[in-house]
Amino acid sequence: MTSSRIPGFYKLSPKERLDIIAEFSGISEEERRFLEKSYLTTEQADKMVENVVGSFPIPLGFAANFLINGKDYIIPMATEEPSVIAAASNAAKISRVRGGIKSEATTPVMIGQIHLSGVSNQDEAEEKILSEKDNIIETCNSCDSTLVSLGGGAKGLEIRKLGKTMVVHLLVDCRDAMGANAVNTMAERIAPLLEELSGGKAVLRILSNLAVHRLVKSSAVFDKEELGGEEIVDAIVDVSEIAKTDIYRASTHNKGVMNGISALVLATGNDTRAVEAGVHSYAGKGESYIPVTSFSKNSEGDLVGELEVPMAVGIVGGATKIHPVAKTNLKVLGISSAAELAEIAGAVGLCQNFAALKALTSEGIQKGHMKLHARKIESEKMGTSSGLNNSDPNEKL
Ligand code: MEV
């Protein structure tokens with residue numbers, strides 16, 4: 001089985017869904033059990049954080065129907081919020097009609113910042129630092145021979161002057177790692193040399209989550225007939241425009257994007273806070289905070305959705321290698337690089353946002369939620385399983 005287009009996935013039992021996921025991804029019996037039980041032993045948790053007493057479960061579901069850059073994906077999503085996974089699956093289904101989602105990640109370059117205070121002559125300091133650029137980069141790279149052997153490592157530097165503070169940005173290609181450890185180690189290693197060259201004091205030595213060099217751009221065409229007509233296309237374009245001028249709406253609009261992205265980021269053992277900080281600061285880096293997606297109508301009357309966000313995710317190191325469920329989720333995705341994971345994250349964010357705007361401009365978000373609620377109450381009365389996960393609040397999958 002190679003297609004992620006699975007009609008009626010939502011109607012199946014969790015076991016039947018797992019059968020499909022196992023067949024699609026070729027996971028082992030043991031990995032299948034990791035997904036089924038979805039737990040972390042206390043011993044495993046104890047290796048991850050401090051003062052452990054156990055772990056805190058969150059529902060894990062899989063969004064079907066994703067076709068990204070011509071490849072099918074079934075996407076793990078860890079979230080406590082109903083409707084999110086159903087909505088993502090539904091949006092992905094609609095996007096397939098026009099060829100799925102296109103997504104492109106840039107080279108995975110993170111920024112390590114060294115803030116220097118008390119530099120008496122910033123121009124002179126800048127000149128000295130730039131004249132030592134090769135030495136600085138070499139010193140940084142001596143911290144991580146593995147990263148360098150994989151083609152990554154420190155590649156360049158930038159200097160910013162912010163009033164009394166001077167900031168050196170190390171540009172580090174993190175390859176398949178999220179990169180926080182590598183970047184922070186380099187920033188700490190190079191700080192004494194920068195102090196010497198600038199005559200200032202390195203008051204901060206840490207990466208920036210505003211990963212402007214590590215972006216993903218995703219786009220999709222959503223067929224007008226699938227949407228229920230050109231009025232819906234127009235309505236989605238209109239409400240996406242509102243988010244450009246109303247920061248209160250932009251916040252909620254972007255929250256809808258993050259419903260999808262954070263669920264995938266969490267399910268793959270990545271740092272949700274880092275990605276969220278990056279996306280929101282990227283949205284706010286211009287004159288005001290704006291939506292990270294935009295929608296327009298093409299000459300055929302179809303809806304075109306576009307997204308651009310920083311996406312600092314990895315597939316090696318940290319929880320992605322310790323957490324058995326996160327590891328298995330990465331295997332189900334069948335990816336070979338952090339850039340591919342970033343491309344999936346962009347696609348999920350775009351679809352999630354599209355699904356929310358579609359619901360808001362048609363039946364409203366509450367109707368979907370209320371349907372879920374009604375079904376839950378009904379099934380509780382009948383003493384059957386709630387089927388909550390089986391529901392698509394807006395449409396059939
Ligand atoms: C709810 O979790 C997300 C939405 O509020 C997003 C939006 O309003 O665009 C529905």
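Numbering of residues starts from 1 in each chain and follows the order in which that chain's sequence is written. Reporting in this predicted model follows two pLDDT cut-offs: at least 70 for local features of residues, and 80 or more for side-chain atom pairs to be given and counted; totals over whole chains, interfaces and linings ignore these cut-offs and use all residues. Calculation of side-chain values draws on the structure's entire complement of heavy atoms; hydrogens and water are dropped beforehand.

Remarks on the packing of aromatic side chains
One pair of aromatic rings is described through two measures. These are the centre distance and the angle between the planes. For clarity, the threshold we go by: Ring pairs are drawn from Phe, Tyr and Trp, using the six-membered ring of Trp, whenever the two centres fall within 6.5 Å, and their geometry is named by plane angle: stacked under 30 degrees, edge-to-face over 60, tilted for the rest. Helix and strand assignments follow DSSP, with helices taken as H or I runs no shorter than four residues and strands as E runs no shorter than two, numbered in order from the N terminus. Throughout this description, buried means an accessible area under 20% of the type-specific maximum (1.4 Å probe, protein chains only), exposed means over 50%, and partly exposed covers the range between.
Evaluated as defined, the whole model comprises 1 aromatic pair. With a centroid separation of 3.8 Å and an interplanar angle of 5°, the aromatic rings of Phe 222 and Phe 354 are classed as stacked. Of the two residues, Phe 222 is situated in strand E8 (residues 215–222) and Phe 354 in helix H15 (residues 338–361); the sequence distance between them amounts to 132 residues. Look at Phe 222 and you get buried, because its relative accessible area is 0%. Classification of Phe 354 as buried rests on a relative accessible area of 1%.

Notes on the site of the ligand
As a reminder of what qualifies: We call a residue near a molecule or strand as soon as one heavy atom of that residue lies within 4 Å of the molecule or strand. Under this definition, polar contacts are N or O atom pairs within 3.5 Å; protein pairs additionally need one hydrogen-donor-capable and one acceptor-capable atom, and for neighbouring residues in sequence, both atoms have to be side-chain atoms. Surface accessibility follows the Shrake-Rupley procedure with a 1.4 Å probe radius. Residue values consider only the protein chains on display as shielding.
In the region of the ligand, 11 residues are neighbours, and Glu 81, Arg 249, Lys 255, Asn 259 and Leu 360 sit closest. In the model, an oxygen atom of the ligand is placed 2.7 Å from a nitrogen or oxygen of the Arg 249 side chain. Residue Asn 259 places a side-chain N or O atom 2.9 Å away from an oxygen atom belonging to the ligand. Surface burial for the ligand is 84%, taken as the share of its 300 Å² of free accessible area covered by protein chains. Looking at the shell around the ligand, the elements that each hand over two or more residues are helix H11 (247–267) and H15.

A word on the packing of helix H6 (residues 133–141) against helix H8 (residues 180–198)
This is how the line gets drawn: Here, axes are lines fitted to C-alpha atoms. For helices the fit covers the stretch in contact, and angles between N-to-C directions go from 0 to 180 degrees. These descriptions rest on fixed angle ranges, namely under 35 degrees for roughly parallel, over 145 for roughly antiparallel, 65 to 115 for roughly perpendicular, and the rest for oblique. For any helix crossing, the convention is left-handed if the near helix is rotated counterclockwise from the far helix by under a right angle, and right-handed if that rotation is clockwise. Any pair of residues with heavy atoms lying within 4.5 Å of one another is described as a contacting pair. Each residue receives one of three labels: charged for Asp, Glu, Lys and Arg, nonpolar for Ala, Val, Leu, Ile, Met, Phe, Trp, Tyr, Cys and Pro, and polar for the others, Gly being one of them.
Direction vectors running N to C along H6 and H8 enclose 150°, while the axes themselves pass 9 Å from each other. In terms of their interaxial angle, H6 and H8 are classed as roughly antiparallel. You can see that H6 and H8 cross each other, and the crossing is right-handed. Each of Asn 135, Ile 136, Thr 139, Cys 140 and Asn 141 in H6 lies in contact with H8, whose residues at this interface are Met 186, Arg 189, Ile 190, Leu 193, Leu 194 and Leu 197. Residue classes in the contact of H6 with H8 are distributed as 7 nonpolar, 3 polar and 1 charged.

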